[in-house]
Amino acid sequence: MRIKRTIEDLFYMPRSIISEPTRKTMRYIKKHIPKISIIKFKSGKKVFDWVVPNEWNINDAYIMEPNGKKILDFRKNLLSIVYHSSPVKKWISRAELLKKIHYDDKLPNATPYVTSYYKKDWGFCMPKNKVKKLKKHKYFVSIDTTFKKSFLEIGEYFKKGKQKKEIFFSTYICHPSMANDNLSSLAVQIHLINYLEKKYPKSNFSYRFVFLPETIGSISYLSKKITILKKNMIMGFALSCLGDDNQYSIISSRHGKQLSDLALNSALKGKKKLVKFSYLDRGSDERQYCYPGVDLPVTGFCRSRFHSFKEYHTDKDDLKYVSEKGLKNSFEILKNIIDAIENKNFFPKNKFLCEPNLGKRGLMSTIGKKFYKKGKMIKNFLVYADGKRNLFEISNTINLNLNDTINITNKLNENKLI
Ligand code: ZN
């Protein structure tokens, strides 16, 4: 199945932290990954310094002129209200209305995505160009929303491996209809789980994937699982915005140089548009996973990073903004990381003392310079294949992309050299 199909299936839904559309999204994920289990947190529950909010649902919202014409209709654009708006139904002046309207300065034709999760408020979102045209008369504003006590839901997929040591992936499911942020990562994560199940039914490592609402979801999850995560996690990835094909972004873990940092750096080695961000540029759930005391080895992975593409958090982050190619390329990077760590030669070790004769095995040309470069790379690999360095470290040391490093590993294994 195309990865983008998942995004198309889930696009037109007004999700928030807890809402009927978010539950529906979780049911969709469960349909594709039946082994997922749902962890629930009751509204009002205290999780560290936060409180799980109430469920919020929206039936309808609009702004109407005195002549009965709707100048904003939530049903036509799911981003046109502030998420978690309180209900309202009244006539207001243009000046009052302007105080309640949000727009994007940089993209005057775009409707921005705005939330007010932790402060009681209401508001609308519309393109700046439309705001400028608002005439000086009264407006009828209507927001039909409801709040009720319910449960925050987290989907967790756990795959037990031969080892207790585990690899962790996290993405968030609380955003309404935007494609790159963040249905793209939700889609890639579903496909990655399917790949893992098919390719490694008996995996060496254990794997844990979570689908949760951003921030409050990861905080709730950590409040329940921090001990086991700290005990077993050897590397983790916070996935966000993986659907465009414009650039690759790494957001370093707080400590840096964790196994997850090494893994992403090696998997992305040689990519033309690679941008490396420090932990100061964090923005998604790596904020919680790397927090002092939590200290999990989690690195952020995005294509165009949140906050840094102009369509970010607007209705221009639509189905046209993401591509199957972009999604596939993101999937390949994470797949290569799993392939490397599951490789039986993850810590490759030379079988010979001194350099083996690569020429007689056809691994290096004995005459001419033509194959010298390839042979040199194999030799570089072998000098660090001392049984102490893993494939991520070797890839970074010899400056060779992880996928090519895996290919050399398999070739040397076939030739019984490691
Ligand atoms: Zn976002």
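Computed from a predicted model, the values in this text were never measured in an experiment.

1. Let's talk about a positive patch on the surface
Side chains of K69, K70, K76, K130 and K135 sit close together on the surface and give a patch of like positive charge. With respect to the helices, strands and loops of the structure, K76 is situated in the loop between β5 (70-73) and β6 (88-92).

2. Notes on the environment of L358
By secondary structure assignment, the location of L358 is in the loop between α9 (324-342) and α10 (372-384). For L358, a relative accessible area of 3% translates into the label buried. Separated by 57 residues in the primary sequence, L358 and N415 place their C-alpha atoms 9.6 Å from one another.

3. Looking at the nonpolar core
Where a protein is soluble and globular, its nonpolar side chains tend to be buried together. Counting 79 residues, the largest nonpolar core has F169 and F392 as the members making the most contacts within it. For this core, the element with the highest residue contribution is helix α5 (residues 179-199), accounting for 10 residues. With near-sequence residues (within four places) excluded, F392 lies in contact with M235, L259, L262, A263, S266, I337, A340, I341, F346 and L402.

4. Digging into the environment of I7
Inspection of the secondary structure assignment puts I7 in helix α1 (residues 3-10). Along the primary structure I7 and V131 are separated by 124 residues, whereas in three dimensions their C-alpha atoms are 30 Å apart. The contacts of I7, once residues within four sequence positions are left out, are A179, L183, S184, A187, L319, V322 and L327.

5. So, the coordination of the zinc ion
Every protein donor of the zinc ion is accounted for by H175 (NE2), D181 (OD) and H313 (NE2), and the metal-donor separations fall at 2.1 Å. If you list the donors of the zinc ion from N- to C-terminus, the spacing comes out as H-x5-D-x131-H. With D181 in helix α5 and H313 in the loop between β16 (298-302) and α9, the pair connects residues that are 132 residues apart, well separated along the chain. Its relative accessible area of 1% is what places D181 among the buried residues.

6. Observations concerning the sheet that holds β6
Taken in spatial order, the 4 strands make up an open sheet running β5-β4-β9-β6, and their pairing is antiparallel. Lying at the two open borders of the sheet, with one neighbouring strand each, are β5 and β6. Across the sheet, the axes of successive neighbouring strands diverge by a mean angle of 15 degrees, strand direction being ignored. Relative to strand β9 (residues 139-148), strand β4 (residues 55-64) is paired through 9 bridges, and the arrangement is antiparallel. In the strand pairing of β9, A61 is matched with I143.

7. Topic: the packing of aromatic side chains
Here the structure, examined in full by the defined rule, presents 19 aromatic pairs. On the numbers, 4.9 Å between centres and 85 degrees between planes, the contact of F11 with Y12 is edge-to-face. Since its relative accessible area comes to 5%, F11 is described here as buried. Take Y12: its relative accessible area is 63%, and that puts it in the exposed class. On the basis of an interplanar angle of 80 degrees and a centroid distance of 5.2 Å, the ring pair of F346 and F347 is categorised as edge-to-face. Of the aromatic side chains, those joined through ring pairs into one cluster are Y157, F169, F209 and F237. The ring centre of F151 lies 5.7 Å from the NZ or CZ of K40, which sits over that ring. Sitting over the face of the ring of W122, K100 holds its NZ or CZ atom 4.9 Å from the ring centroid.

So, how was this worked out
- Residues take numbers from 1 onward in each chain, read along the sequence in its written order.
- Side-chain atom pairs in this predicted model are given and counted only at pLDDT of 80 or more, local residue features only at pLDDT of at least 70, and totals for whole chains, interfaces and linings cover all residues.
- Calculated side-chain values reflect all of the structure's heavy atoms, with hydrogen atoms and water omitted.
- Patch membership needs two things, relative accessible area over 30% and no salt bridge, and members are linked within 9 Å if like-charged or within 5 Å if nonpolar (Val, Leu, Ile, Met, Phe, Trp, Tyr).
- Using a 1.4 Å probe, the Shrake-Rupley method yields the accessible areas, and only the shown protein chains count as cover for residues.
- Salt bridge criterion: a side-chain nitrogen from Lys or Arg within 4 Å of a carboxyl oxygen from Asp or Glu.
- Under the convention used here, Asp and Glu are negative, Lys and Arg are positive, and both His and the chain ends fall outside the count.
- To locate a charge, take NZ of a lysine, CZ of an arginine, CG of an aspartate or CD of a glutamate.
- Labels follow the DSSP assignment, with helices taken as runs of H or I lasting at least four residues and strands as runs of E lasting at least two, numbered in each case from the N terminus.
- Using a 1.4 Å probe on the protein chains alone, a residue whose accessible area is under 20% of its type maximum counts as buried, one over 50% counts as exposed, and one in between counts as partly exposed.
- Nonpolar cores were defined as sets of buried Ala, Val, Leu, Ile, Met, Phe, Trp, Tyr and Cys residues, with membership established by side-chain atoms within 4.5 Å.
- Note on contacts: a residue pair is in contact if any heavy atoms of the two residues lie within 4.5 Å.
- Keep in mind that water is not among the atoms, so a site may look incomplete; donors are the N, O and S atoms within 2.8 Å of the metal, or 3.2 Å for Na, K and Ca.
- Note on pairing: DSSP must find at least two bridges between two strands before they are called paired.
- In this analysis an axis means a line fitted to C-alpha atoms, helices contributing only their contacting stretch, and an angle means the value between N-to-C directions, from 0 to 180 degrees.
- The aromatic pairing rule takes the rings of Phe, Tyr and Trp, using the six-membered ring of Trp, and pairs them if the centres are within 6.5 Å, calling planes under 30 degrees apart stacked, those over 60 edge-to-face and the rest tilted.
- As a reminder, the over-ring test applies to NZ of lysine and CZ of arginine, requiring each to be within 6 Å of the ring centre and within 35 degrees of the ring normal.

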